[in-house]
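Here's the letter readout for the chains.
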Amino acid sequence: MSNHPLILVLNCGSSSLKGAVLDVVNGKVLLSCVAEKLGFADAFITFKADGDKHKVALGGDHSHTVAVEALMAELKVHHLHHKIAAVGHRVVHGGERFTHSTLIDDQVMRDIETCIVLAPLHNPAHILGIRAAQAVFADLPHVAVFDTAFHQTMPEQAYRYAVPTELYTQYGVRRYGMHGTSYRFVAQETARFLGRAETELALVIAHLGNGASITAVLNGQSRDTSMGLTPLEGLVMGTRSGDIDPSIFSFLQENANLDMAEITAMLNHKSGLLGLSDLSNDCRTLEEAAANGHKGALLALEVFAYRLAKYVAAMTVANGRLDALVFTGGIGENSTFVREKVLSHLAVLGLSIDHDANLAACFGRAGIISQPGKTPLALVIPTNEELMIAQDTAQLAGLSI
Ligand code: ADP
């Protein structure tokens, strides 16, 4: 085993904690864990290391701290604990305050708290997780890496909504965007893959997972993105509607007797691919069903691809030109079907598809999938948000790698 310093990357939800120990030099994950049902009596944590997977019940108060303590005990079993040099924390919302990743101190904690109004489900969980990790890994530097930070370079014309100004000045109502860590990683990797400088590329990157968004990246900087004040805006997603006429709230209140909370929950959890197909939020399941003649599944995939293609054109406008369209995330990296459908709408931008190359660029393999010699390029570049968090953490902790 190498003697490189290791980084622990943590991603905490309100009742979950995901952790990974990474070697930043070669990107290897030496140990990973997922704690579930935190705060409940049946809380447990699952560890994966050296090809082995096992589950441990979490006693005590079943808290995030108990989960981090169990992680520490497991690290000791694998003789990894003394090699961990810093801890990187994923934080969903950094508002306008955080434009980059940062070392965590008391002021940073207060500022993450201030952003709770913008991410009421996520930021409190991150704070719990950071406090738990600071207690257990007390001597190590801790770093916060924000999903929103990369998008802070968007110009005002892209991030402002056409609503009364005071909604922005008093309440911070604007477009913030998400998946920034993924976009930063994929933009860098695309430049590396193409052997070109990031600062000379106009990219449109589509991050297509359960949550999905798309970003215009010009010269390495975000110029516009599809998610907004919350992750609900933009593309069709697994269970989220994406863009919709906001009048749906008053319409459904009057006609379907639903209240605001019910409609919000429906747009977030019962819509998107799931709502359209009446079958599943999972792209793979829908592809199989569509192949067997399920009409709803086919419609869901058609709407997903068409809306995405429209956004590719919009993001091309944000950049002023297009060198490459890049697919990433579980769907972007694996669904040859969706990529083909999206590109079939985009001949208008000069985009094309090479069917064999499309089939070859799957399951973690990067590749150019447009036809040889044609521009703009279409590419598949696998994302790695954990590695990006680990690299930021190592750099801010001053580790020489
Ligand atoms: P998350 O946003 O939760 O990180 P992922 O990036 O893992 O999600 O993406 C999950 C999505 O990727 C699911 O819709 C899944 O069906 C899709 N996906 C994964 N593998 C394939 C595949 N081989 N073909 C089509 N879709 C796939």
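The structure we're discussing is the one just above.
Residues numbered from 1 in each chain as written. Predicted model: local features only at pLDDT ≥ 70, side-chain atom pairs only at ≥ 80, totals over all residues. Heavy atoms only, no water.

Here we look at the layout of surface pockets
The computed volume of the second largest pocket comes to approximately 340 Å³. What lines the second largest pocket is a set of 20 residues, and nearest its centre among them are Thr99, His100, Ala149, Phe150 and Arg184. Ranked by residues supplied to the lining of the second largest pocket, first place goes to helix α6 (residues 180–194) with 5 residues. A per-class count over the lining of the second largest pocket returns 5 nonpolar, 12 polar and 3 charged. (1 Å grid on protein atoms, 1.4 Å probe; cavity = no way out; pocket = protein on both sides within 12 Å on 5 of 7 lines; lining within 4 Å. Points joined across faces, edges and corners; volume = space filled by probe spheres on them. Helix = DSSP H or I, 4+ residues; strand = E, 2+ residues; numbered from the N terminus. Nonpolar A, V, L, I, M, F, W, Y, C, P; charged D, E, K, R; others polar.)

So, the packing of α6 against helix α15 (residues 385–396)
Relative to each other, α6 and α15 sit at 90 degrees, their axes nearing to 9 Å. By the angle class used here, α6 and α15 are roughly perpendicular. Facing Thr181, Ser182, Arg184, Phe185 and Gln188 of α6, the residues of α15 in contact are Glu385, Leu387, Met388, Ile389 and Asp392. (Axes fitted to C-alpha atoms, helices over the stretch in contact; angles between N-to-C directions. Parallel < 35°, antiparallel > 145°, perpendicular 65-115°, else oblique. Contact = heavy atoms within 4.5 Å.)

Structural notes on the site of the ligand
Around the ligand, a shell composed of 13 residues is seen, among which Asn210, Asp282, Cys283, Arg284 and Gly330 lie nearest. Contact between the ligand and Gly330: an oxygen atom at 2.9 Å from a main-chain N or O atom of the residue. Look at the ligand: alone it shows 580 Å² of surface, and the protein chains cover 71% of it. With 4 residues, helix α12 (residues 329–334) is the single largest residue contributor to the shell around the ligand. In terms of residue class, the shell around the ligand is made up of 3 nonpolar, 7 polar and 3 charged. (Near = heavy atom within 4 Å. Polar contact = N/O pair within 3.5 Å; in protein donor to acceptor, adjacent residues only side chain to side chain. Areas by Shrake-Rupley, 256 points an atom, 1.4 Å probe, with all protein chains shown as cover.)

Structural notes on the sheet that holds strand β9 (residues 202–208)
Strand order in the open sheet made by the 6 strands is β11-β10-β9-β12-β14-β13, with mixed pairing throughout. In this open sheet, the two edge strands, each paired with only one partner strand, are β11 (221–225) and β13 (367–368). In the sheet, β9 pairs with strand β10 (residues 212–218) via 7 bridges, with the strands oriented antiparallel. Bridge pairing in β10 places Leu203 opposite Val217. Where α6 meets the sheet, it contacts β9, β10, β11, β12 (324–328), β13 and β14 (377–380), and its direction lies at approximately 125 degrees from that of β9. (Pairing = 2+ DSSP bridges.)

Focus: the pairing of strand β8 (residues 142–146)
With 5 of its 5 residues buried, β8 lies for the most part within the structure. Judged by which residues are buried, β8 turns out to be covered on both faces: His142, Ala144 and Phe146 on one side and Val143 and Val145 on the other are all buried. Pairing analysis gives 2 bridges linking strand β7 (residues 102–103) to β8, with the strands arranged antiparallel. Within β8, the position partnered with Thr102 by the bridge is Ala144. (Buried < 20%, exposed > 50% of the residue type's maximum accessible area, 1.4 Å probe, protein only.)

Focus on the pairing of strand β5 (residues 52–57)
For β5, the tally of buried residues reaches only 0 of 6 residues, placing the bulk of the element at the surface. Sheet topology note: the strand β4 (residues 44–49)/β5 ladder contains 6 bridges and is antiparallel. Residue pairing across strands places Lys48 opposite Lys53, the latter belonging to β5. A loop of 2 residues connects β4 with β5, the two strands running antiparallel in sequence, and Asp50 in this loop sits at a positive phi of about 50 degrees.

Digging into helix α10 (residues 283–291)
The complete set of buried residues in α10 reads Cys283, Leu286, Ala289 and Ala290. One side of α10 holds all its buried residues, which, seen down the axis, span an arc of 125 degrees. Opposite the packed face of α10, turned more than 90 degrees from it, sit the exposed residues Arg284, Glu288 and Ala291. At its buried positions, α10 is contacted by α9 (272–277), α11 (295–319), α12 and α13 (336–344). For α10, the N-terminal capping position is held by Asp282, with its side-chain oxygen 3.1 Å away from the main-chain nitrogen of Arg284. (Arc of directions from axis to C-beta.)

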